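Residues per chain are reported as follows:
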Amino acid sequence: MVGSLEFCTGKLGARMILVLGHTKCGAVYGATNAYLAAKKSETASVESALEGLLLDLAPVAEKAVADMGSHTDADEVAAHAVRVNVFHTIDFLLKYSAQLREKVKSGQVEIQGGIYHLDSGKVEFMGRSPQQSTLLSTNLGLPPSMTREGGRTSGYGPSARGEHGVRTTVDSAVPAEEALKMLKAGNERFAVGAPLAKHATLKMREALVSHGQAPHTAILGCADSRVPVDTVFDAMPGDLFVLRNAGNTCTHAEGSMVGSLEFCCGKLGSKLILVMGHTKCGAIAGATATYLASKEGKASKSAGSALEGLLVGLSGVAKQAEEELGVGADQDQLVSHSVRVNVFSSIEFLLKYSPSLRELVKSGNVEIQGSIYHLETGRVEFLGRSPRQAELLRSDPSLPPSLQALPIRTTTDGPLPSQEALKLLKEGNARFTSGAAVSGKITPEMRKALVKEGQAPHTAIIGCADSRAPLETVFDAMPGDIFVLRNAGNTCTHAEGSVLGSLEFCVAALQSKMVLVLGHTACGAIKGATATYLQSKTGNKPQVTKALDALLVGLSDVAKKASEELGEGATEAQIVDRTIKLNVFHTIDFLLQYSPLVREKVAAGEVEIQGGIYDLETGHVEFLGQSPAQATLVKSASTLPPSLA
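Residues numbered from 1 in each chain as written. Predicted model: local features only at pLDDT ≥ 70, side-chain atom pairs only at ≥ 80, totals over all residues. Heavy atoms only, no water.

- As annotated in an unreviewed UniProt entry, the protein carries the name carbonic anhydrase and is attributed to Cladocopium goreaui.
- UniProt, in its Cofactor (unreviewed entry) section for the protein, records the words "Zn(2+)".
- For the record of the protein, the UniProt heading Sequence similarities (unreviewed entry) holds the text "Belongs to the beta-class carbonic anhydrase family." (UniProt positions renumbered as here; feature names shortened; annotations may be inferred.)

Right, here's the structure in full:
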C-alpha cells in the first residue's frame, strides 16, 4: 500500500492523498469486538489472515476505548474507532514513508482524512492528522512489520524471539506454520533492506552457549555464495539449522545431509524443513548441460571426478524438466524449470529414504516444504509441499540407491532364461552410464557362497581385450554373473581353440542361456585390420611374421567386406566403424558354423546368441540382436573350420 502511494505521488505527480474510512466498517467493528473479547479472556491467537488483520487493528480499538472510556457501549467504541483508524493510517504514512514524509514537509503533497457516511452518502472531510506537525519533526522509525515482534503490540500474538532474545532450549518448539511465517517475515525485511539480525547482543550469544540451540527451521540450501541463507531470512543466531551443498540436493540416505536433518528434527525439535533452490544455479546449469550432451552422444572427459558424479546425478532432474516442458524449450528455460524440479526431487528423496523423517511427516510433527530464492529480487518464492507427498507417505519405504546391493548367482539359483539375462545386462549398463552402479558391495558371505556352491553365470560374453572396455564394470555385474572371454578384436579363429572351447563349457556345463559377442568403438585391432586390408589393396602384401600379423590378416577379410558394402569413396574411419559391427556378426557366425554343440543349442532354443557394440565415449551398449545369417546357419550342415581345412 505504501509503495503504491509513493509511486502515485512520485511518478504520477499526485498532490493529494485522502484516507477515507466509512461508517459501520466491518473490519474496524470486528477488530474492536476482538480487542474487547481478548481483554476479557487475556488471550489472542492468529490462525488466519483475517484474524491477523483484526489483531493488527487492535491498537486502534485500544485508543478508541481509552478515548471513550471502558464502560462505553461496544458499538459506540467501534464507531469512534473508525475515526481513530483514519488518523492512525495517516500517522503510519508520516512515520514510516521517508518519501511521503519529505513531500508533506516540503508542501508538495497533502494528506487528509475523511469518513463516508453510508446512510447519507456524504463524505465528512476531517483534515490533517492532529499529530502531523509532531510527526514531521521527529526521526523516522522502523515500521511495525520490520520489528522483532512482527507488528504485534506486546501481549498480542506469538513472540518471534525466545525468552533471551534468541531461540534456545528454554523456549518451546515453534509449530511449522508459525516457523514458515517467521521465514516469510524475515525474508521481507531482507528484501526491503530493513534487517534486524544485526541487533544480536553479547547476552544473546551467551544464552545460546549456556542453554543450547533450538532452531525453529532446518534449511537445505545451495552452497552458492550469493545465497547466504541466514541473511536471506534475516535470521538471528539460533533460528536456523542450515545445510548447504552445490545444488541443494541429497544423494545418499546414509549421508551427512539426511543424517543432519534427522538430528535437527529428532534431537533439536525443529518442526519445519525448507528445501531452497535458487535462480541461476550453477550446479543445475551444469547438470542440464551434462544431460543435453549425453543426449547428443557427447561425454565428459573428466570421468571419475566427484563433480562429474554430482552433475550426472542431477541430470535426471534436467531430464524430468524437459519432459514436463515439452518440445521447444530452450536451455535457459530448461535450467530454470530444473531448479524447481530439483527442489521437489530433494524433498521426495527425504520422504522416500529417511524412515525417521517420513514418520515425523506422516504423524504431522514435521513439515517439509520447498522454495526458490530469486537472486534478482532477494525474495523467496515459497512452493509448499511436494505434489507427491501423499503418494509417497502411502507407499512402502524403499532402499536408497546408495544402499542397494545386487545378489550373487550360484548353482542353487539354476539357469536363467536368455531374455531375463539380456534384461539384466541392459539394466546393469543403464546403471553404469548413469553413475549409479551398485555392484561393488560384496560381502565375505557372498564370496564364500561362490566357492562352496559354485558358479552359474547368466551370460557368456566374448569381448575385446581393450583395457577401456572392462566388461563386468560396463554391465555393473556381480562376481558370478558373467563368464568372460576376451581377446583383441573379440574374435574366434580356431574351432579347436580356447575361446570356442571355453564357450562350449559355459553353455554346456554351466548351462548359461545367453551369449553376447561385444565389440567396441575405436577398436585398435579393427583399425589395424582395416589398415592391413587397405595396404593389400595397393599391392603391398602384408608380411606374416608373428601372431599379431596373422590376427590382423584374418580380420582384414571383415574389413574387405565392410569396404565393399560401403562402396568407393568410403573413408578409412567409415570402414573401421562398419567393420566393428560386421566383426561382431562374423564372430557369431563362426560359432554357429563351427561348433555343433552351440549350433544345436541355438536351434533348440536353449541358447541365445546376440551382438552388441560398447561406445567408449558414452558408456552405452548398443544391442544388435541376432546375426542376420542365423536362420540359415542353424539349418546348415557342419563345415570344417579354416584352421582344420
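Having seen it, we continue.
**With respect to the state of the cysteines**
Now for step 1: Enumeration over the complete set of coordinates arrives at 0 disulfides.
Now for step 2: Here Cys 264 stays free of any disulfide, with the sulfur of Cys 265 as its closest cysteine sulfur at 5.2 Å.
Now for step 3: Judged by its relative accessible area of 0%, Cys 264 falls in the buried class. (Disulfide = S-S within 2.5 Å. Buried < 20%, exposed > 50% of the residue type's maximum accessible area, 1.4 Å probe, protein only.)

**A few points about the pattern of salt bridges**
Now for step 1: Tallied over the entire structure, the rule returns 18 salt bridges.
Now for step 2: As a salt-bridge pair, Lys 105 and Glu 102 come within 4.0 Å of each other at their nearest N and O atoms. Residue Lys 105 and its partner Glu 102 are both found in helix α6 (residues 98-105); the two are separated by 3 residues, about one turn of the helix.
Now for step 3: The class for Lys 105 is partly exposed, based on a relative accessible area of 45%.
Now for step 4: On the basis of relative accessible area, Glu 102 is assigned to the partly exposed category, the value being 43%.
Now for step 5: Its salt-bridge partner being Arg 578, residue Glu 565 comes within 2.6 Å of it at the nearest N-O pair. Of this pair, Glu 565 sits in helix α22 (residues 547-566) while Arg 578 sits in helix α23 (residues 572-594), and the two are 13 residues apart along the sequence.
Now for step 6: Residue classification places Arg 578 among the partly exposed residues on the basis of a relative accessible area of 28%.
Now for step 7: Through salt bridges with shared partners, a single network forms among Glu 348, Arg 388 and Glu 391. (Salt bridge = Lys/Arg side-chain N within 4 Å of Asp/Glu carboxyl O. Helix = DSSP H or I, 4+ residues; strand = E, 2+ residues; numbered from the N terminus.)

**A word on helix α21 (residues 524-537)**
Now for step 1: Its 14 residues place the ends of α21 20 Å apart at the C-alpha level, agreeing with the 20 Å of an ideal helix rising 1.5 Å per residue.
Now for step 2: Note on α21: the residue one or two positions beyond its end, Gly 539, has a positive phi of about 95 degrees. (Expected span 1.5 Å × (residues − 1).)

**Here we look at the sheet that holds strand β12 (residues 608-614)**
Now for step 1: Within the open sheet, the 5 strands sit side by side as β10-β9-β11-β12-β13. Their pairing is mixed. Edge positions in the open sheet fall to β10 (482-487) and β13 (621-625), since each of these has one partner strand only. Here the average twist between neighbouring strands, direction ignored, is 25 degrees.
Now for step 2: Against the sheet, helix α20 (residues 498-508) touches β9 (459-464), β10 and β11 (514-520), its axis set at about 175 degrees to β10. (Pairing = 2+ DSSP bridges. Axes fitted to C-alpha atoms, helices over the stretch in contact; angles between N-to-C directions. Contact = heavy atoms within 4.5 Å.)

**Details of the sheet that holds strand β2 (residues 110-116)**
Now for step 1: Strand order across the open sheet formed by 3 strands is β1-β2-β3, with mixed pairing between neighbours. Both outer strands of the open sheet, β1 (16-22) and β3 (123-127), are each paired with one neighbouring strand and no more. Going from strand to strand, the sheet's axes swing by 30 degrees on average, the running direction of each strand aside.
Now for step 2: As paired strands, β1 and β2 are joined by 7 bridges and run parallel to one another. Considered in β2, the bridge of Leu 20 is made with Gly 114.
Now for step 3: Relative to β2, helix α5 (residues 74-96) is tilted by about 160 degrees, and along the sheet it contacts β1, β2 and β3.

**Some remarks on the side chain of Glu 110**
Now for step 1: One can find Glu 110 in strand β2.
Now for step 2: Among the polar contacts listed, one links the side chain of Glu 110 to the side chain of Gln 112, at a separation of 3.3 Å.
Now for step 3: When near neighbours in sequence (up to four residues on either side) are disregarded, Glu 110 contacts Arg 15, Met 16, Ile 17 and Arg 128. (Polar contact = N/O pair within 3.5 Å; in protein donor to acceptor, adjacent residues only side chain to side chain.)

**A closer look at the nonpolar core**
Now for step 1: Core analysis: the largest hydrophobic core is formed by 37 residues, its most contacted members being Cys 250, Leu 261, Ile 273, Ile 347, Leu 350, Leu 351 and Ile 368.
Now for step 2: Among the elements that make up this core, the one with the highest residue count is helix α14 (residues 331-353) (9 residues).
Now for step 3: When residues no more than four places from it in sequence are discounted, the contact partners of Ile 368 are Ile 273, Ile 347, Leu 350, Leu 351, Val 361, Arg 385 and Gln 389.
Now for step 4: Judged by nonpolar contacts, the second largest core, of 35 residues, contains Phe 590, Tyr 594, Val 607 and Ile 609. (Core = buried A, V, L, I, M, F, W, Y, C linked by side-chain atoms within 4.5 Å.)

**Points about the packing of aromatic side chains**
Now for step 1: Taken as a whole, this structure holds 5 aromatic pairs when the rule is applied.
Now for step 2: For the ring pair Phe 483 and Phe 505, a centre distance of 6.2 Å and an interplane angle of 45 degrees mean the geometry is tilted. One end of the pair, Phe 483, is in strand β10; the other, Phe 505, is in helix α20, and 22 residues separate them in sequence.
Now for step 3: By relative accessible area, Phe 483 is classed as buried at 16%.
Now for step 4: Between Phe 590 and Tyr 594, the ring centres sit 4.7 Å apart and the planes meet at 65 degrees, which makes this aromatic pair edge-to-face. Taken together, the positions of Phe 590 and Tyr 594, both in helix α23 and 4 residues apart, correspond to about one turn of that helix. The pair formed by Phe 590 and Tyr 594 is uniform in burial state, with each residue classed as buried.
Now for step 5: Seen from the ring of Phe 623, Lys 426 lies directly overhead, with NZ or CZ sitting 5.4 Å from the centre. (Phe/Tyr/Trp six-rings, centres within 6.5 Å; stacked < 30°, edge-to-face > 60°. Lys NZ or Arg CZ within 6 Å of the ring centre and 35° of its normal.)

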